[in-house]
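Each chain is listed here by its residues.
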2 protein chains.
Amino acid sequence: MHRTKVTVVEEALDANNTIAAANRADFDRAGVTVLNFMSAPGAGKTTLLERTVNELPGLRVGVLEGDVQGSMDADRLASLHIPVTQLNTDPSFGGECHLDANMVRSAMSSLPLDEVDLLVVENVGNLVCPAEFKIGEDARAMVCSVTEGEDKPLKYPLMFRTCDVVVVNKIDLLPHLEFDLDRLLYNIDQVHPDVDTIVLSARTGEGVGAWREWLSRVATRQGAAV
Amino acid sequence: MHRTKVTVVEEALDANNTIAAANRADFDRAGVTVLNFMSAPGAGKTTLLERTVNELPGLRVGVLEGDVQGSMDADRLASLHIPVTQLNTDPSFGGECHLDANMVRSAMSSLPLDEVDLLVVENVGNLVCPAEFKIGEDARAMVCSVTEGEDKPLKYPLMFRTCDVVVVNKIDLLPHLEFDLDRLLYNIDQVHPDVDTIVLSARTGEGVGAWREWLSRVATRQGAAV
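Below, the structure is looked at part by part.

Mapping one chain copy onto the other needs a rotation about an axis and a shift along that axis. After a rotation of 180 degrees and a shift along the axis of 0.0 Å, chain A superposes on chain B with an RMSD of 0.0 Å. Within this description, the copies of the chain are treated as partners about a two-fold rotation axis. Relative to the rotation axis, the closest C-alpha in chain A is found at Asn126(A), a distance of 3.0 Å. A symmetric contact is evident, with 100% of the interface residues of chain A recurring at the interface of chain B.

Should their charged atoms come close, side chains of opposite charge can pair. Counted by the stated rule, this structure contains 28 salt bridges over all chains. The closest approach of N and O atoms between Asp73(B) and Arg76(B), which form a salt bridge, is 3.8 Å. Residue Asp73(B) and its partner Arg76(B) are both found in helix H3 (residues 72-78); the two are separated by 3 residues, about one turn of the helix. Here Asp73(B) falls in the buried class, since its relative accessible area comes to 2%. With relative accessibility at 29%, the residue Arg76(B) sits in the partly exposed group. The network of salt bridges with common partners includes Glu50(A), Asp67(A), Asp73(A), Arg76(A) and Lys155(B).

This part covers the environment of Val128(A). By the secondary structure assignment, Val128(A) is in the loop between strand E4 (118-122) and strand E5 (139-145). With 27 residues separating them in the primary sequence, Val128(A) and Lys155(A) have C-alpha atoms 9.6 Å apart.

Time to look at the sheet that holds strand E1 (residues 33-39) of chain B. Residue and element names in this part refer to chain B. Spatially, E3-E2-E4-E1-E5-E6-E7 is the arrangement adopted by the 7 strands of the open sheet, whose pairing is parallel. A single partner strand is all that each edge strand has here, and the edge strands are strand E3 (84-88) and strand E7 (196-199). Along the sheet, successive strands turn relative to each other by an average axial angle of 20 degrees, direction set aside. By the bridge criterion, 4 bridges tie strand E6 (residues 165-169) to E7 in an arrangement that is parallel.

Let us now look at the interface of chain A and chain B. One frequent convention defines the size of an interface as the accessible area lost when the parts assemble. If you look at the interface, chain A gives 50 residues, while chain B gives 50 residues. Each partner contributes to the roughly 4100 Å² buried at the junction of chain A and chain B, and carbon and sulfur atoms together form 62% of this total. One can count 6 salt bridges joining chain A with chain B. For Lys155(A), the salt bridge is made with Asp73(B), and the minimal N-O distance between the two is 2.5 Å. Applying the counting rule to chain A against chain B returns 11 residue pairs in polar contact (both at pLDDT 80 or more). Secondary structure elements with two or more residues in the side of chain A that touches chain B: helix H1 (2-30), helix H3 (72-78), helix H4 (101-107), helix H5 (152-155) and helix H6 (157-161) of chain A. Broken down by element, the side of chain A that touches chain B gets its largest block of residues, 8 residues, from H1(A).

Residues and elements named next belong to chain B. For strand E5 (residues 139-145), the buried fraction is high: 7 of the 7 residues fall into the buried class. Neither face of E5 is left uncovered, since the one carrying Ala139, Ala141, Val143 and Ser145 and the one carrying Arg140, Met142 and Cys144 both have all their residues buried. Both E5 and E6 contribute to a ladder of 5 bridges, which runs parallel. Considered in E6, the bridge of cysteine 144 is made with valine 168.

One pass over the full model with this rule turns up 4 aromatic pairs over all chains. Summarising the aromatic geometry, the rings of Trp211(A) and Trp214(A) are spaced 5.7 Å apart at their centres and angled 5 degrees between planes, so their arrangement reads as stacked. With a gap of 3 residues between them, Trp211(A) and Trp214(A) both fall in helix H8 (residues 208-221), about one helical turn apart. Summarising the burial analysis for this pair, Trp211(A) and Trp214(A) share the class buried. With a centroid separation of 5.4 Å and 15 degrees between ring planes, the pair formed by Phe37(B) and Trp211(B) is classed as stacked. Placement of Phe37(B) in strand E1 and of Trp211(B) in helix H8 (residues 208-221) is noted, with a sequence separation of 174 residues between them. Both residues of the pair, Phe37(B) and Trp211(B), belong to the buried class. A network of ring pairs unites the aromatic residues Phe37(A), Trp211(A) and Trp214(A) as a single cluster.

Cut-offs used in this document
- Residues numbered from 1 in each chain as written.
- Chains lettered and ligands numbered in written order.
- Predicted model: local features only at pLDDT ≥ 70, side-chain atom pairs only at ≥ 80, totals over all residues.
- Heavy atoms only, no water.
- Least-squares fit on C-alpha atoms with pLDDT ≥ 70 in both.
- Contact = heavy atoms within 4.5 Å.
- Salt bridge = Lys/Arg side-chain N within 4 Å of Asp/Glu carboxyl O.
- Helix = DSSP H or I, 4+ residues; strand = E, 2+ residues; numbered from the N terminus.
- Buried < 20%, exposed > 50% of the residue type's maximum accessible area, 1.4 Å probe, protein only.
- Pairing = 2+ DSSP bridges.
- Axes fitted to C-alpha atoms, helices over the stretch in contact; angles between N-to-C directions.
- Buried area = accessible area lost by both parts, 1.4 Å probe.
- Polar contact = N/O pair within 3.5 Å; in protein donor to acceptor, adjacent residues only side chain to side chain.
- Phe/Tyr/Trp six-rings, centres within 6.5 Å; stacked < 30°, edge-to-face > 60°.

Set out below in structure tokens:
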């Protein structure tokens, strides 16, 4: 049984790559930089976006919001008056645990690509499968909360390894945790040497400036309007 | 493409149910109660087990530890001198994001079933797919940390709906969070009315007695030695 299963997954990944390339071509034609934004559930992706999307000079940000069910995060972001598109992954059984290229493609006609320079795709909260499926992104960012423990890079290495930046969030809670920040940064470096890391608190705003600069840099590098 | 994908999943779930029933029969013959123990990454499953496994009078506990990679949690638990078996899900690409019945079956011959009354299967940290795959368990428990926000039951309903108990962990952090515990409990009740809930801090020990009682009750109800 196991061999069969692996074969199906490889075929699915191959098809996914084909569709991701088509997405990528469409985004390039529209001049839109796409960020695949990932984390475990509750790490603070949406709160960090709330702190960011209206404070990137010259960059118009849109969000594609991926969730198993509901539109709570999309509602939060839409209140900031930016274009938000909701994508739910629950057409069958418990719902998909990740976005793939075809799901993003199915949302393509709903995306106001001529109104945005940077499209942030907020993936389903999960540290495993979202890292396995390209969606046509230019860059990948992940958020890792200090409440999750120092061991997560070692337990979920593909996620940390395929990201262009690791954002360490909720540092306002450090005084109340038994948590060794240096150990987390060491573990990140073990699985992805020299990856960019940004340490911040989306709640207090500490360190968020570096995240805004990273976003602006990525969008500029990809040629979006600045 | 989407239809094809759904079909594959349904076939996989059907095969999974068949193997889960076989696992269940083996566990029943051995007189072992099996708990499928789930959460998002870093919610505190292992810390809670560390607080529990040696303090259940008359119950011998063993752990089957599911991780994408590594054996850090198994090492922590083995130091408590209980039988621990490690199951890694990374034979291919980024690793499986959940345990399924066949993975548990592949570990069956390594499990010291005659030495345990309660086998806790610590699933991969993920709020989506682990809920979709039966492994042959008698009961399901999940841990939800207050650092993850109040909205998780609404975003990941299947996980909350298929559990026999929801453990709300890390309440020692409540004074430092903008978090409404009543709202979380209300949301849990919305997706799974009248499910057992236990509010605790695995770190300080507050409320952990109720969790020990729940485990003892489940093991007794299933006929394990008490």
